Structures are given as structure tokens and as C-alpha cells.
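Structural features, examined
These are the residues of each chain, in order.
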Amino acid sequence: MTTVATVQEGTDNPYALSHLDSLESEAVHIFREVAGEFERPVILFSGGKDSIVMLHLALKAFAPAPVPFTLLHVDTGHNFPEVLEYRDRTVARHGLRLHVASVQEYIDAGKLRERPDGTRNPLQTVPLTEAIQQHRFDAVFGGGRRDEEKARAKERVFSLRDEFSQWDPRRQRPELWQLYNGRHAPGEHVRVFPISNWTELDVWQYIAREGIELPEIYFAHEREVFNRSGMWLTAGDWGGPKEGEQVETRQVRYRTVGDMSCTGAVDSDATTLDAVITEIAASRLTERGATRADDKMSEAAMEDRKREGYF
């Protein structure tokens, strides 16, 4: 009688994928699926860690050929200089084409009005949607992850948007067996989220494994900050600090990067990737819940912006 041994995945099976390999394989599949199904895809690239990982995956998906997509960044005018420098350096290194939609230009032209609180993140929607319409992008890659925020947890990998770039959760399609439906009517487009199933910890572990370079503000450094509503914000021309808000020098780092007016730093002594990973593993707050003031405007702040066309 012949005995057949059962090999369990993750133990003695030489063909089993690791957790990170599985996530990478899924993302690469999504990039290739979009390349074969759409005519004018674009990758949203801000120089933040999620968009950096997304670009790294795209480079892997098509190597040794170049990435067959252009990049798009919605620049609020209040972005961190270190991140913009990294963005431009990365675009030049890989010979990519970058479109920049400027919130400041819309304000100067009278198409948008500055908010009293100085926050420009909510103002990104109009430049983003008009850039999509102007360049006729039919698939737009974003670095959103389901663990970030309640509204993003509702997203499919392929998220259909109407001719006004608006999102309706009732129109989301089933995605069984990693089968993605990209059909859309003229004027509509699809937002695509290749790292939907990743967590913040997955992202950092992948960055460490792949040796991916990041802007320095993701690691602990000394910075002049002030406290507003329990968050350490960077002083700047956007309207901070106000009277009574004391600027002090602290050792901080950023878990997420966005508009300076609404992105808070966290106290940290994590100067290395290993230290950051240990810090994230011990955290009980999501990165947006801990450091993004724009998500605290209301319980449905993110969902309201998504319905209007934001990511």
C-alpha cells in the first residue's frame, strides 16, 4: 500500500508563496490586466510610500520593458518639499512622464476658493477630475488600501466612476476569483487599487524586503511642529501656527504624507526600517486615524469626498 503525504502550504512545500509574494503577485496581475484592457491608464504618484510601492510593482510587472503608463500628481501647493524632491528625482531616474494638476493654479484662476482652515486636501477633487477628463484617462491607479479608512474598505479593486468621476457604492461589481470587470460607458472611467488587500505593515515589510528608497520624513528626525487638536503639524504659509499655538522642536516621523495643513507627525525614535516595522506592529491606530485631520471633519468625511470624485 502506497502512502501519499500531504504537504501543507508554508511548511515543506517549495512552491508555496510567502504572504508578501502573494500580495505582489496579485498586484502585478492587476497592472497587467489593466494594460491589456484599457487604452489610457495613469498612475497617481505623490511621492508617498503607497504610491512608491505601487510604482515599484508596476516597474516589476513590465520589466525589462518600460512602464506603459504616465504618472499624475495633484499638487496642493502645501506638499512637503522633501516629498516633491523625491517625486521629481524618481520620475527622472525611470524616464517617466509626469502630469501635475495644481490646486494653486485653480485658486489663482478663481475656480477654487481657499478654505478658512487652510486645508487644501478637499480641494484636490476638481483638479483631479478635470485632469482625468482632459487627458481622457480611462483607468486611474491609486494606492488606496482597505485597512486605511471605513469608506476605502468598501472599495473593489476596479471601482467604476461615472462621467462626473463620482463613486456610487451600489454600482460596485463582484470580483470573484480575481476576475475584474473593466467595462465602462464613454466618459466613465475605472479607479484601480492594486494594493487594496495590503496593510500598512505589509507595505513596510515589502519596502524593507525590496530595499525601496523613501523620502526621509518617513523616519524619525527633528522638526519644528505645533500642536493642534492633538496632532503635531508643521508650521508653514498655509496658516499655522495660530495665536496661542506654540512651536517646538520634537523628534517625529510621518506615517502618511499629504497636505502639510492636515497631515500630522507622530513622536518617534524609529530611524531605521526595522524600527518603523516594530513601531507599526505595536500600533492600534490606523495611519489615517492617527495623523489625518481631514478624515476627522465628520464620520463620513472620506465617503463624502469619494462620492464627489476624490480617491
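This section reports on the structure supplied with the text. The model shown is predicted, which means the values in this text are computed figures rather than measured ones. Per chain, residues are indexed from 1 in the order of the written sequence. The model is predicted, so local features are restricted to residues of pLDDT at least 70 and side-chain atom pairs to those at 80 or more, both for listing and for counting; the totals for chains, interfaces and linings are taken over all residues. Hydrogen atoms and water are omitted, and side-chain values are computed over all heavy atoms in the structure.

**Section: the overall build of the chain**
Labels follow the DSSP assignment, with helices taken as runs of H or I lasting at least four residues and strands as runs of E lasting at least two, numbered in each case from the N terminus. Counting its regular elements, the chain contains nine helices and ten strands. Expressed as a percentage of the 311 residues in the chain, the buried residues total 52%. The contact criterion used is simple: two residues touch if any of their non-hydrogen atoms lie within 4.5 Å. Sequence separation of at least 24 residues holds for 72% of the intrachain contacts in the chain that already meet a minimum separation of 6. For every residue, the accessible area obtained with a 1.4 Å probe (protein chains only) is divided by the maximum for its type, and the residue is called buried under 20%, exposed over 50%, and partly exposed between those limits.

**Concerning the side chain of R253**
Relative to the assigned elements, R253 resides in strand β9 (residues 247-253). Polar contact criterion, stated in full: a pair of N or O atoms within 3.5 Å, where within protein one must be able to donate a hydrogen and the other to accept it, and residues adjacent in sequence count only if both atoms are side-chain atoms. There is a polar contact of 2.8 Å between the side chain of R253 and the side chain of E279.

**What to know about the sheet that holds strand β3 (residues 98-102)**
Paired strands, as defined in this entry, are two strands with at least two bridges between them according to DSSP. Spatial ordering of the open sheet is given by β3-β2-β1-β4-β6-β5, a layout of six strands whose pairing is mixed. Strand pairing shows two members of the sheet lacking a second neighbour, β3 and β5 (158-161), which therefore form its edges. Across the sheet, the mean angle from the axis of one strand to that of its neighbour is 30°, orientation sign disregarded. In the sheet, strand β1 (residues 41-44) pairs with strand β4 (residues 139-141) via three bridges, with the strands oriented parallel. When the sheet's bridge partners are listed, V42 is paired in β4 with V140. Lines are fitted to the C-alpha atoms to define the axes, a helix being fitted only along its stretch in contact, and any angle between axes, read from their N-to-C directions, falls within 0 to 180 degrees. Its contacts with the sheet put helix α1 (residues 19-37) on β1, β4, β5 and β6 (189-192), and the angle it makes with β5 is roughly 40°. Contacts from helix α3 (residues 81-94) reach β2 (70-75) and β3 within the one sheet, and its direction differs from that of β2 by about 165°.

**Some details on the pairing of strand β8 (residues 231-234)**
Residues M231 and L233 of β8 are buried on one face, and the alternating residues W232 and T234, pointing to the opposite face, are buried as well. Relative to β8, strand β7 (residues 221-228) runs antiparallel, the two sharing four bridges. Note that in β8 the partner of F226 across the bridge is L233. In sequence, β7 turns back onto β8 through a hairpin of two residues, with S229 there showing a positive phi of about 55°.

**Regarding helix α2 (residues 49-62)**
In a helix, the anticipated span is given by 1.5 Å times the number of residues less one. Between its terminal C-alpha atoms α2 stretches 20 Å, which fits the 20 Å expected from 14 residues at 1.5 Å a residue. By the criterion of burial, α2 is predominantly enclosed, with twelve of the 14 residues buried. Taken together, the buried positions of α2 are K49, D50, S51, I52, V53, M54, L55, H56, L57, A58, A61 and F62.

**A word on the packing of aromatic side chains**
Two rings from Phe, Tyr or Trp (for Trp, the six-membered ring) form a pair when their centres sit within 6.5 Å of each other. Planes less than 30 degrees apart are called stacked, planes more than 60 degrees apart edge-to-face, and all others tilted. Under the criterion given, the structure shown has ten aromatic pairs. Ring geometry for W204 versus F219: centroids 6.0 Å apart, planes at 80°, classification edge-to-face. Residue W204 is found in helix α6 (residues 200-210), and its partner F219 is found in the loop between α6 and β7; the two are separated by 15 residues along the sequence. Its relative accessible area of 0% is what places W204 among the buried residues. Taken together, the ring pairs in this structure connect F31, F62, F69 and F141 into an aromatic cluster. Geometrically, a charge over a ring is one whose NZ (Lys) or CZ (Arg) sits within 6 Å of the ring centre while staying within 35 degrees of the ring normal. When the ring centre of Y106 is taken as origin, the NZ or CZ atom of K111, which lies over that ring, is 5.2 Å away.

**Some thoughts on the sheet that holds strand β10 (residues 266-267)**
Within a beta sheet, neighbouring strands are joined by backbone hydrogen bonds and run either parallel or antiparallel to one another. Spatial ordering of the open sheet is given by β8-β7-β9-β10, a layout of four strands whose pairing is antiparallel. In the strand order of this sheet, the two ends are held by β8 and β10, each with one partner.

**As for unusual backbone geometry**
The linkage connecting A63 with the following residue, P64, adopts the cis geometry, with an omega of 5°. If you trace the backbone, P64 turns up in the loop between α2 and β2. Here the phi dihedral of W177 falls at roughly 55°; this positive angle occurs in a residue that is not glycine. Although it is not a glycine, S229 sits at a positive phi angle of roughly 55°. Its place among the elements puts S229 in the loop between β7 and β8.

**Quick look at the pattern of salt bridges**
Definition used for salt bridges: Asp or Glu carboxyl oxygen within 4 Å of a side-chain nitrogen of Lys or Arg. Within this structure, the stated rule accounts for 21 salt bridges. Here E213 and R89 are joined by a salt bridge, their closest N and O atoms 2.8 Å apart. Of the two residues, E213 is situated in the loop between α6 and β7 and R89 in helix α3; the sequence distance between them amounts to 124 residues. Overall, the relative accessible area of 38% leaves E213 in the partly exposed class. In the salt-bridge network here, residues are joined through shared partners; they are D21, E24, K60, R209 and E210.

**Comments concerning the nonpolar core**
Definition of nonpolar core: a set of buried residues of the types Ala, Val, Leu, Ile, Met, Phe, Trp, Tyr and Cys, connected through side-chain atoms within 4.5 Å. F31, I43, F158 and W204 are the most contacted members of the largest nonpolar core, which has 60 residues in total. Of all the elements, α2 adds the most residues to this core, at eight residues. An automatic or database domain assignment is the source of the domain bounds shown. In terms of domain composition, this core takes at least three residues from each of domain 1 (17-201 + 302-307) and domain 2 (216-297). In this structure W204 touches K49, L214, Y218, F219, R253, L273, V276, I277 and I280, once residues within four positions along its chain are discounted. Formed by 15 residues, the second largest nonpolar core is a distinct cluster that contains V74, A101, L112 and I132.

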